[in-house]
Amino acid sequence: METVYIAGGCLWGVQHFFDKVPGVLSTEAGRANGTTNTLAGSYDGYAECVKVTFDEKETTVAKLMEHLFEIIDPYSLNKQGIDVGKKYRTGIYSTSARHLDEARAFIEKRKDRNKIVVEVLPLTNYVRSAEEHQHHLERYPEDCSLCHIPDEVLNKYRDN
């Protein structure tokens, strides 16, 4: 099992999407690279993210990046859909240099690489989100309409 932390705007949709991506074993909503270990208090610089645990025999970081690019605008800085602010930035974070190298290589191979604003950084801090944010769209499917990810993409792997 391997773990990466994926930021793609509002974490509800990102978690809902990655829950069913082939090779993904589990997901958890959280906050990456903030400066505190608490959910209380003022904004501390975190990015909303999803902790993605995956089977390296079934998928790779490059494939997870392909999936991320299905659900984001990789040229949009600090904004995805109606969600605006630094906490909605896009990125992939890991404690593994190999994961980061693979993510950077994925971006470098793209013709549009100079326009991409997706962060690829070491994970310096992770805080699990409150229970109310875990698998939110599973419990409240009516909130899918608030998501920046089109429904046919959001549920793409649920129909398989």
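Use the structure listed above.
### What about the pattern of salt bridges?
For the structure on display, the rule yields 11 salt bridges. Ionic pairing is found between Asp19 and Arg158, a salt bridge with its closest N-O pair at 4.0 Å. One end of the pair, Asp19, is in the loop between helix H1 (11–18) and strand S2 (24–32); the other, Arg158, is in the segment after helix H5 (151–154), and 139 residues separate them in sequence. Notably, a salt bridge pairs Lys87 with Glu48, separated by 3.9 Å at the nearest N-O pair. With Lys87 in the loop between strand S5 (83–84) and strand S6 (90–94) and Glu48 in strand S3 (residues 47–54), this residue pair connects regions lying 39 residues apart in the sequence. When its relative accessible area of 25% is taken as the criterion, Lys87 is described as partly exposed. On the accessibility criterion, Glu48 (11% relative accessible area) is buried. It is possible to trace a salt-bridge network through shared partners that takes in Asp19, Glu138 and Arg158.

### Considering the pairing of S6
Both faces of the sheet carry side chains from a regular strand, because those side chains alternate between them. Along S6, five of the five residues are buried, which leaves the element largely enclosed by surrounding structure. In S6, alternate side chains face the same way, and those of Thr90, Ile92 and Ser94 on one face and Gly91 and Tyr93 on the other are all buried. By the bridge criterion, four bridges tie strand S1 (residues 2–8) to S6 in an arrangement that is antiparallel. For Ala7, the partnering residue across the bridge sits in S6 and is Gly91. Examined bridge by bridge, S6 and strand S7 (residues 119–122) share four bridges and lie parallel to one another. Residue pairing across strands places Tyr93 opposite Leu121, the latter belonging to S7. The β-α-β motif built from S6, the intervening helix H3 (residues 97–108) and the parallel element S7 has right-handed crossover chirality.

### What to know about the sheet that holds S7
Taken in spatial order, the six strands make up an open sheet running S7-S6-S1-S3-S2-S8, and their pairing is mixed. Sheet topology places S7 and strand S8 (126–128) at the edges, where each strand pairs with a single neighbour. The average undirected angle you get between the axes of adjacent strands in this sheet is 35°. Here H1 sits on the sheet and contacts S1, S2 and S3; the angle it forms with S2, its principal contact strand, is near 165°. Across the sheet, H3 is in contact with S1, S3, S6 and S7; its angle to S7 comes to roughly 165°.

### Focus: unusual backbone geometry
Positive phi values are uncommon outside glycine, yet Asn33 reaches one of about 60°. Here Asn33 is to be found in the loop between S2 and S3. The buried category is assigned to Asn33, whose relative accessible area is 15%. Even without being a glycine, Asn78 presents a positive backbone phi close to 60°. Its place among the elements puts Asn78 in the loop between helix H2 (61–71) and strand S4 (79–80). A relative accessible area of 23% places Asn78 in the partly exposed class.

Rules and cut-offs
Residues numbered from 1 in each chain as written. Predicted model: local features only at pLDDT ≥ 70, side-chain atom pairs only at ≥ 80, totals over all residues. Heavy atoms only, no water. Salt bridge = Lys/Arg side-chain N within 4 Å of Asp/Glu carboxyl O. Helix = DSSP H or I, 4+ residues; strand = E, 2+ residues; numbered from the N terminus. Buried < 20%, exposed > 50% of the residue type's maximum accessible area, 1.4 Å probe, protein only. Pairing = 2+ DSSP bridges. Right-handed = clockwise from strand over helix to strand, strands pointing away. Axes fitted to C-alpha atoms, helices over the stretch in contact; angles between N-to-C directions. Contact = heavy atoms within 4.5 Å.

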